[in-house]
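Fold and geometry: a report
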Amino acid sequence: MDHRLRRARLASRLVELGADGFLLTRLPNVRYMTGFTGSNGQVLVTPDGAAFFTDGRYTQQARHEVLDLESVTYLDGFLQPMVDAARRLEVVRLGFESEGVTFRTYEELRAAAKGIELVPVTGEVERQRWVKDPEELEALERAQGATDEAFAAVVGRLRDGVTERELAFELEAEMRRAGAEGPAFDTIVAFGEDAAEPHHEPAGRTLSRGDVVKMDFGGLVDGYHADMTRTVAFGEPPAQLRDVHDLVRSAQQAGIDAVRMGATGAEVDGAARDVIEGAGLGEHFTHGLGHGVGLEIHEGPRLRRGGDDVLPAGAVVTVEPGVYLPGVGGVRIEDMVLVMEDGRRALPRAPKDLAPA
Ligand code: ZN
Ligand code: ZN
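Cut-off values and rules
Along each chain, numbering runs from 1 in the same order as the chain's sequence is written. Note on labels: chains are lettered from A, ligands numbered from 1, in written order. With the structure being a predicted model, the display of local features is reserved for residues of pLDDT at least 70 and the display and counting of side-chain atom pairs for 80 or more, all residues being used for whole-chain, interface and lining totals. Values reported for side chains reflect all heavy atoms of the structure, with hydrogen atoms and water molecules removed beforehand. A helix here means a DSSP run of H or I that spans at least four residues, while a strand means a run of E at least two residues long, and both kinds are numbered starting from the N terminus. Exposure is judged per residue with a 1.4 Å probe applied to protein chains only, and the accessible area is read against the type maximum: over 50% gives exposed, under 20% gives buried, and values in between give partly exposed. Only heavy atoms enter the contact rule, under which two residues are in contact if any of them lie within 4.5 Å. Any nitrogen, oxygen or sulfur atom within 2.8 Å of a metal ion counts as a donor, with the limit raised to 3.2 Å for Na, K and Ca, and since water is left out, coordination shells can look unfinished. A four-donor site is called tetrahedral if each angle lies between 85 and 135 degrees; a four-donor site is square planar, and a six-donor site octahedral, when trans pairs exceed 155 degrees and the remaining angles lie between 65 and 115; all other cases are labelled irregular. Stacked, edge-to-face and tilted are the three classes for Phe, Tyr and Trp ring pairs, Trp counted by its six-membered ring, which pair at centre distances within 6.5 Å; planes under 30 degrees apart are stacked, over 60 edge-to-face, the rest tilted. Here, a charge over a ring is recorded when the distance from Lys NZ or Arg CZ to the ring centre is within 6 Å and its angle to the ring normal is within 35 degrees. Strands are treated as partners if at least two bridges between them are detected by DSSP. We call a crossover right-handed when, viewed with both strands directed away from the observer, the connection leading from the first strand over the helix to the second proceeds clockwise. Only protein atoms enter the calculation, which uses a 1 Å grid: trapped sets of points that fit a 1.4 Å probe without letting it out are cavities, open sets showing protein on both sides within 12 Å along at least five of seven lines are pockets, and any residue with an atom within 4 Å of a point is a lining residue. Grid points are joined across faces, edges and corners, and a volume is the space filled by probe spheres set on the points. An automatic or database domain assignment provides the domain bounds reported here. Buried area adds together the accessible area that both of two parts lose upon being put together, with accessible area traced by a 1.4 Å probe. One side-chain nitrogen of Lys or Arg within 4 Å of one carboxyl oxygen of Asp or Glu is enough to make a salt bridge. Classification used: nonpolar for Ala, Val, Leu, Ile, Met, Phe, Trp, Tyr, Cys and Pro, charged for Asp, Glu, Lys and Arg, polar for all others including Gly. A helix is expected to reach a length of 1.5 Å times the quantity of its residues less one.

Within the secondary structure, alanine 346 sits in strand β19 (residues 343–346). With a relative accessible area of 30%, alanine 346 lands in the partly exposed category. Each C-alpha atom, one on alanine 346 and one on tyrosine 224, is 16 Å from the other, the two residues being 122 residues apart in sequence. Among residues more than four places away in sequence, those in contact with alanine 346 are Asp335, Met336 and Val337.

Taken together, Asp227 (OD), His291 (NE2), Glu320 (OE) and Glu334 (OE) make up the full set of protein donors to the zinc ion (ligand 2), lying 2.1 to 2.2 Å away. Metal-centred angles of 78 to 152° between the four donor atoms at the zinc ion (ligand 2) mark the site as irregular. Between the two metals, the zinc ion (ligand 2) and the zinc ion (ligand 1), the spacing is 3.1 Å, and aspartate 227 donates to both. Taken together, the residues span a long stretch of sequence, with glutamate 320 in the loop between β15 (316–319) and β16 (322–325) and glutamate 334 in the loop between β17 (329–332) and β18 (335–340) at a distance of 14 residues.

Right, let's talk about the coordination of the zinc ion (ligand 1) for a bit. Protein coordination at the zinc ion (ligand 1): the donors are Asp216 (OD), Asp216 (OD), Asp227 (OD) and Glu334 (OE), at 2.0 to 2.5 Å from the metal. Geometry at the zinc ion (ligand 1) is irregular, judged from its four donor atoms and the angles of 56 to 149° they form at the metal. The exposure class assigned to glutamate 334 is buried, which follows from its relative accessible area of 0%.

Let us now look at the packing of aromatic side chains. All chains considered together, the criterion is met by three aromatic pairs. Seen in terms of ring centroids, phenylalanine 36 and phenylalanine 52 are 4.8 Å apart; in terms of plane orientation they differ by 55°. Their pairing is tilted. Note that phenylalanine 36 is positioned in the loop between α3 (27–34) and β2 (42–46) and phenylalanine 52 in strand β3 (residues 49–55), a separation of 16 residues in sequence. Through a chain of ring-to-ring contacts, the aromatic side chains of Phe36, Phe52 and Tyr58 assemble into a single cluster. Just above the ring of phenylalanine 285 sits the side chain of arginine 273; from NZ or CZ to the centre is 4.0 Å.

A word on the pairing of strand β5 (residues 93–97). Across the five residues that make up β5, a large majority, four, are buried. In the sheet, strand β1 (residues 21–24) pairs with β5 via three bridges, with the strands oriented parallel. In the strand pairing of β5, leucine 23 is matched with phenylalanine 96. The sheet contact formed by β5 and strand β6 (residues 117–121) spans five bridges and is parallel. In the sheet register, leucine 94 faces β6, and the bridge partner there is leucine 118. Each parallel crossover has a hand, and the one from β5 via helix α6 (residues 103–112) to β6 is right-handed.

Right, let's talk about the environment of valine 339 for a bit. Along the polypeptide, valine 339 turns up in strand β18. For the pair formed by valine 339 and alanine 315, sequence separation is 24 residues and the distance between their alpha carbons is 5.4 Å. In contact with valine 339, other than residues within four places in its own chain, are Val259, Arg260, Met261, Leu311, Pro312, Ala313, Gly314 and Ala315.

A separate point is the layout of surface pockets. In this structure, the largest pocket occupies an estimated 430 Å³ of space. Taken together, 24 residues make up the lining of the largest pocket; nearest its centre are Ile188, His199, Asp216, His298 and Glu320. Contributing elements (two or more residues each) for the lining of the largest pocket: β13 (290–292) and β14 (299–303). In this model, the second largest pocket occupies a volume close to 190 Å³. What lines the second largest pocket is simply Arg26, Glu99, Gly123, Glu126, Arg127, Trp130, Glu296, His298, Glu299, Gly300, Arg302 and Asp309.

Below, the discussion takes up the side chain of aspartate 335. Of note, aspartate 335 is situated in strand β18. Leaving out residues up to four positions away in the same chain, aspartate 335 has contacts with Asp227, Arg230, Gln252, Ile256, Val317, Thr318, Val319, Ala346, Pro348 and Lys352.

Below, the discussion takes up the domain arrangement of the protein chain. If you check the domain split of the protein chain, you get domain 1 (3–128) and domain 2 (134–346). Between domain 1 and domain 2, the buried area comes to about 510 Å², and carbon and sulfur atoms account for 49% of it. Per-residue buried area on domain 1 facing domain 2 is highest for Pro28, Arg31 and Tyr32; these three make up 61% of the total on that side. Ionic pairing is found between arginine 6 and glutamate 136, a salt bridge with its closest N-O pair at 3.8 Å. The leading source of residues in the side of domain 1 that touches domain 2 is α3, at three residues. By residue class, the composition of the side of domain 1 that touches domain 2 is two nonpolar, no polar and three charged.

Moving on: helix α8 (residues 134–155). With 22 residues, α8 should cover 32 Å at 1.5 Å per step; its first-to-last C-alpha distance of 31 Å lies within 8% of that length. Among all positions of α8, only Glu136, Ala139, Leu140, Ala143, Gln144, Ala146, Thr147, Asp148, Ala150, Phe151, Val154 and Val155 are buried.

Turning to unusual backbone geometry, a few remarks are in order. Geometrically, the link from glycine 300 to proline 301 is a cis peptide bond, its omega value of -5° lying close to zero. Mapped onto the elements, proline 301 comes out in strand β14. In this model, glutamate 90 sits at a positive phi of 60°, which is unusual for a non-glycine residue. Tracing the sequence through the fold places glutamate 90 in the loop between α5 (79–88) and β5. Glutamate 90 sits in the exposed class, given a relative accessible area of 66%. With a phi close to 50°, aspartate 222 is a non-glycine residue in the positive phi region. If you trace the backbone, aspartate 222 turns up in the loop between β10 (219–221) and β11 (224–225). Overall, aspartate 222 belongs to the partly exposed group, its relative accessible area being 37%.

What follows is the structure in structure tokens.
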């Protein structure tokens, strides 16, 4: 990954942001700009150079991961060494991430950086991260590959009496076996009527014939998150859920077909939502259609009603319509989809049929 190029891209935006230096404190953004994978690090980016800050636990790790960059290890917090570096780099207007500092850190920063104007900035690096470069796409493909493998393994093992929690554990174990560092987020497994909850937490509910099984899960590879949902039947599900599955599958295909460079989040959301509303079930599709995915499980661009994010080529978004019927069950189908200059490509290979092969 060319972190130097990313920092140069950010530095070229500073004039427009009204700053001549930018302090990054949100870890996914620090990782994006430096390659650092630890749990505590900050980076100062200016047109004339950058400096990375971390604590003593990560001195060695930073030496391997953070290249072409001055690296400062601190004992008592990043503020003073960061302000020293900012003064050395002649920063007079310091951008900071309005969503990346606590109120307390802001107050301390203001006290430490006397004479330097602080400029709040929102979503700048996040916006840059919408467009994935080839290495990022490869990591997402590998994360998806582990996710597909886990699905194939676990769906063949559905059995009477298994609990949601056990199945979630099996999915996570299979993703690790297939090369993932771990799950990208807390795995969702919901049986039968539990599937009516969009984000059900797996519990002791046991599987029996006639249940649907909704699984929302994904692997993590090199910091990149996969995100996929499949809903399958164990035995013969209620006829109503069979129809709902057909409907959600059609809506999901309409959503995927609407993914194209230049489309707004609202347009793509609407394409899928229209199908569900047309069947009179609009009130049971209770969330947005999808979200960008990458170094974070939920990032931009967002696909939702009223959303004005415009899809660029190279973005990866989920398309995940669902219909949730309290007391009965629910269906969601979710794929990660790459926006291309001339169309789109869904990343998963896992089948979407209600009846697993
Ligand atoms: Zn998901
Ligand atoms: Zn998702």
